[in-house]
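Here are the chains, one letter per residue:
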Amino acid sequence: MTKITQKDINDAVWKACDTFRGSIDPSVYKDYVLTMLFIKYLSDVHDDKLEGYLKKYNGDVERAKRAMQHERFIVPENSHFKFLYEHRNEANIGELINIALTDLEEANREKLYSEDGAGIFQNIDFNSSKLGEPKDKNQRLKTLLIDFNSEKLDLKPSHLGGVDIIGGAYMFLIENFASDAGKKAGEFFTPKEVSSLIAKLTKSKPGSRICDPTCGSASLLIKAGEEVGSPNFSLYGQEANGSTWALAVMNMFLHGFDNATIRWGDTIRNPKLKEGDMLMKFDTVVANPPFSLDKWGKVEDKDGDKTTISYDPETDKYNRFWRGVPPKSKGDWAFISHMIETLNEHGKAGVVVPHGVLFRGSSEGRIRQRTIEDNLLEAVIGLPANLFFGTGIPAAILIFNKEKTSNKFLFIDASQHYESAKNQNKLRKSDIEHIVTTYRDFTAGKLQPGVVEDKYSYVATADEIQENDYNLNIPRYVDTFEEEAEVDIAAVQKEIEQLESELVKVQKEIDKYLNQLVK
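Presented here is an overview of the structure given in this document. (Residues numbered from 1 in each chain as written. Predicted model: local features only at pLDDT ≥ 70, side-chain atom pairs only at ≥ 80, totals over all residues. Heavy atoms only, no water.)

**Brief notes about a nonpolar patch on the surface**
Note the threshold: Without a salt bridge and with relative accessible area above 30%, a residue can belong to a patch; like charges are then joined within 9 Å and nonpolar side chains (Val, Leu, Ile, Met, Phe, Trp, Tyr) within 5 Å. Every accessible area reported is derived by Shrake-Rupley at a probe size of 1.4 Å, with residue values counting cover from the shown protein chains alone. The salt bridge definition used is simple: a Lys or Arg side-chain nitrogen within 4 Å of an Asp or Glu carboxyl oxygen. Runs of H or I in DSSP of at least four residues are treated as helices and runs of E of at least two as strands, each being numbered from the N terminus.
A cluster of nonpolar side chains, namely Val-487, Ile-489, Val-492 and Ile-496, defines an oily patch on the protein surface of about 360 Å² accessible area. Among the structural elements, Ile-496 can be located in helix H17 (residues 489-518).

So this is what it looks like as structure tokens:
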């Protein structure tokens with residue numbers, strides 16, 4: 001049998017999305033398609049394994065079934081894709097799919113339930129009115145099942161051309177959904193080029209604990225793991241949105257990271273990645289938090305005249321905001337503070353931020369100053385505009401390093417280095433390599449203070465940062481001023497005279513034609 005390629009799978013799953021296009025928002029229907037892909041994958045792996053055991057035990061069904069109880073996932077009969085496909089014409093097909101998901105969760109509680117007892121499918125409803133009136137909904141679900149029953153979507157490992165194809169298809173879908181979903185896409189996906197850049201800048205050693213405290217669908221976290229170059233690492237993440245948390249959990253399984261720990265909850269108000277009563281510490285922390293999140297902190301619960309404060313960053317039990325509490329309307333430094341406090345003694349963090357983080361004053365300015373004085377900041381990297389889904393504003397990457405030894409700071413202005421595209425700009429491979437090479441030369445002590453590369457990179461001293469009142473705005477360090485070309489006055493005057501002469505001739509021609517028309 002011909003092995004199925006990554007392109008075959010990608011094309012087939014993208015075609016399955018046609019069922020919903022034009023009638024349902026991509027930010028909604030992505031959950032249905034990705035969940036169905038997960039069910040199909042588990043079902044096909046189950047069949048592949050069962051066939052193997054039947055062959056091994058000479059057709060002894062009972063023995064094969066007993067062996068299947070020790071497999072990675074248990075797939076109840078009514079949770080199997082084949083069962084759902086055979087019942088595709090039922091009037092209650094949406095309900096049947098919901099039951100299938102519940103039973104699949106129950107059969108795999110340790111894997112598919114959170115520590116708080118929430119199942120990963122609890123936020124998705126295949127019987128929802130979001131899918132249309134009953135007749136339309138049933139037709140859409142039937143078509144979806146038919147599309148996934150295609151030979152091109154046979155996901156048995158023995159038929160696939162590589163072990164990473166399923167994970168690749170999942171990432172392909174998420175990226176394309178992000179492209180279609182507009183503003184809402186930023187909630188669940190970091191562009192793969194940006195993920196790759198952060199993963200390289202924070203490259204973890206074998207044996208590392210890697211965390212993304214705002215992991216979305218976990219694309220950045222997975223990239224950071226893959227960058228290790230060894231299977232010896234562990235992944236941890238937390239996500240506030242329940243539907244997106246479920247995508248992250250499925251993403252981990254589809255990439256083969258069964259031991260990843262992905263928690264559901266608000267990272268600032270209720271961090272879940274802990275050891276005892278203490279926050280868990282990591283070798284690497286990466287994140288693309290929501291930009292300038294409003295109302296991120298203090299929570300006041302009102303019951304009549306009585307007001308109870310259920311969370312207050314001023315009295316944070318983990319003391320994450322000892323350098324200062326960020327303003328309630330901008331949570332950027334709250335996430336940065338959390339990331340720094342969860343680094344171990346030799347940890348490194350990479351975070352995407354809006355440019356305001358670099359220069360805004362008041363409490364943010366004080367936190368920034370203390371962080372710089374603690375010599376934790378290593379690099380400030382300006383990115384091109386329109387790289388991210390949901391916002392056209394340019395962003396920056398900040399790198400923090402607990403093991404930093406020099407008292408110097410690297411600034412890179414990569415804002416003009418990108419490939420221009422219709423809907424969204426992209427970092428090219430050469431752009432990523434340029435940034436990473438410059439950064440690694442800096443951390444290796446090869447770069448001296450001052451201009452490193454004209455209009456691109458600069459190494460600042462602590463005294464310079466202090467002289468600039470701890471303002472990290474990149475143009476203060478990387479001079480990108482372009483002098484205007486000198487104007488040749490004589491040549492311009494000559495050109496004006498020539499144009500005036502030609503204008504006189506044209507005017508005479510117009511007058512001539514007008515006179516002819518009058519006659």
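Picking up where we left off.
**Points about the packing of helix H9 (residues 192-201) against helix H10 (residues 219-226)**
Cut-off, in case you're wondering: Angles here are taken between N-to-C directions and fall from 0 to 180 degrees, while the axes themselves are lines fitted to C-alpha atoms, restricted in helices to the stretch in contact. For classification purposes, an angle smaller than 35 degrees is called roughly parallel, one larger than 145 roughly antiparallel, one from 65 to 115 roughly perpendicular, and anything else oblique. Helix crossings fall into two classes, left-handed where the near helix is turned counterclockwise from the far one by less than a right angle and right-handed where it is turned clockwise. Residue contacts are counted whenever heavy atoms from the two residues lie within 4.5 Å of one another. Amino acids are sorted into nonpolar (Ala, Val, Leu, Ile, Met, Phe, Trp, Tyr, Cys and Pro), charged (Asp, Glu, Lys and Arg) and polar (every other residue, Gly among them).
Two elements in contact, H9 and H10, have axes separated by 8 Å at closest approach and are oriented at 45°. Comparing the axis directions of H9 and H10 gives the class oblique. As H9 runs across H10, the sense of the crossing is right-handed. Mapping the contact onto sequence places Lys-192, Ser-195, Ser-196, Ile-198 and Ala-199 in H9 and Ser-219, Leu-220, Lys-223 and Ala-224 in H10. Considering only residue class, the contact of H9 with H10 consists of four nonpolar, three polar and two charged.

**Focus on unusual backbone geometry**
Stated precisely, the cut-off is as follows: To sort residues, take the accessible area from a 1.4 Å probe on protein chains only and compare it with the maximum for the residue type: under 20% means buried, over 50% means exposed, and anything in between is partly exposed.
Backbone geometry at Asn-319 places phi at a positive 55°, although glycine is not the residue there. Within the element layout of this structure, Asn-319 appears in the loop between strand E8 (306-311) and helix H12 (332-341). Residue class for Asn-319 comes out partly exposed when judged on its relative accessible area of 47%. Of note in this structure, Lys-455 is not a glycine but carries a positive phi near 60°. Here Lys-455 lies in the loop between strand E13 (450-453) and strand E14 (457-461). By relative accessible area, Lys-455 is classed as partly exposed at 29%.

**Overview of the pairing of strand E10 (residues 377-382)**
Note the threshold: For two strands to be treated as a pair, DSSP must find at least two bridges joining them.
Of all the six residues making up E10, six are buried; the element is thus mostly covered by neighbouring parts of the structure. Two strands pair when backbone bridges link them, and E10 and strand E11 (residues 395-401) are joined in this way by five bridges, in the antiparallel orientation. In the sheet register, Leu-377 faces E11, and the bridge partner there is Phe-400. Bridge analysis of E10 against strand E12 (residues 408-413) gives four bridges, and the strand direction is parallel. Bridging across to E12, Gly-382 finds its partner in Asp-413.

**Considerations on the sheet that holds strand E6 (residues 282-287)**
Overall, mixed pairing links the ten strands, which are arranged E3-E2-E1-E6-E9-E11-E10-E12-E14-E13 in an open sheet. If you trace the sheet from one side to the other, it starts and ends with strand E3 (261-264) and E13, each paired once. The sheet shows a mean angle of 15° between the axes of neighbouring strands, direction not considered. By the bridge criterion, five bridges tie strand E1 (residues 208-212) to strand E2 (residues 233-239) in an arrangement that is parallel. Bridge assignment links Ile-210 to a residue of E2, and that residue is Leu-235.

**Observations concerning the nonpolar core**
Our working definition: As used in this record, nonpolar core signifies buried Ala, Val, Leu, Ile, Met, Phe, Trp, Tyr and Cys residues forming a set joined through side-chain atoms within 4.5 Å.
Membership of the largest hydrophobic core comes to 102 residues, with the highest contact counts inside it found for Phe-38 and Phe-148. For this core, the leading source of residues is helix H2 (residues 26-56), giving eleven residues. Not counting chain neighbours up to four residues away, the residues in contact with Phe-38 comprise Phe-73, Leu-112, Ile-120, Phe-121, Met-250, Phe-253 and Leu-254.

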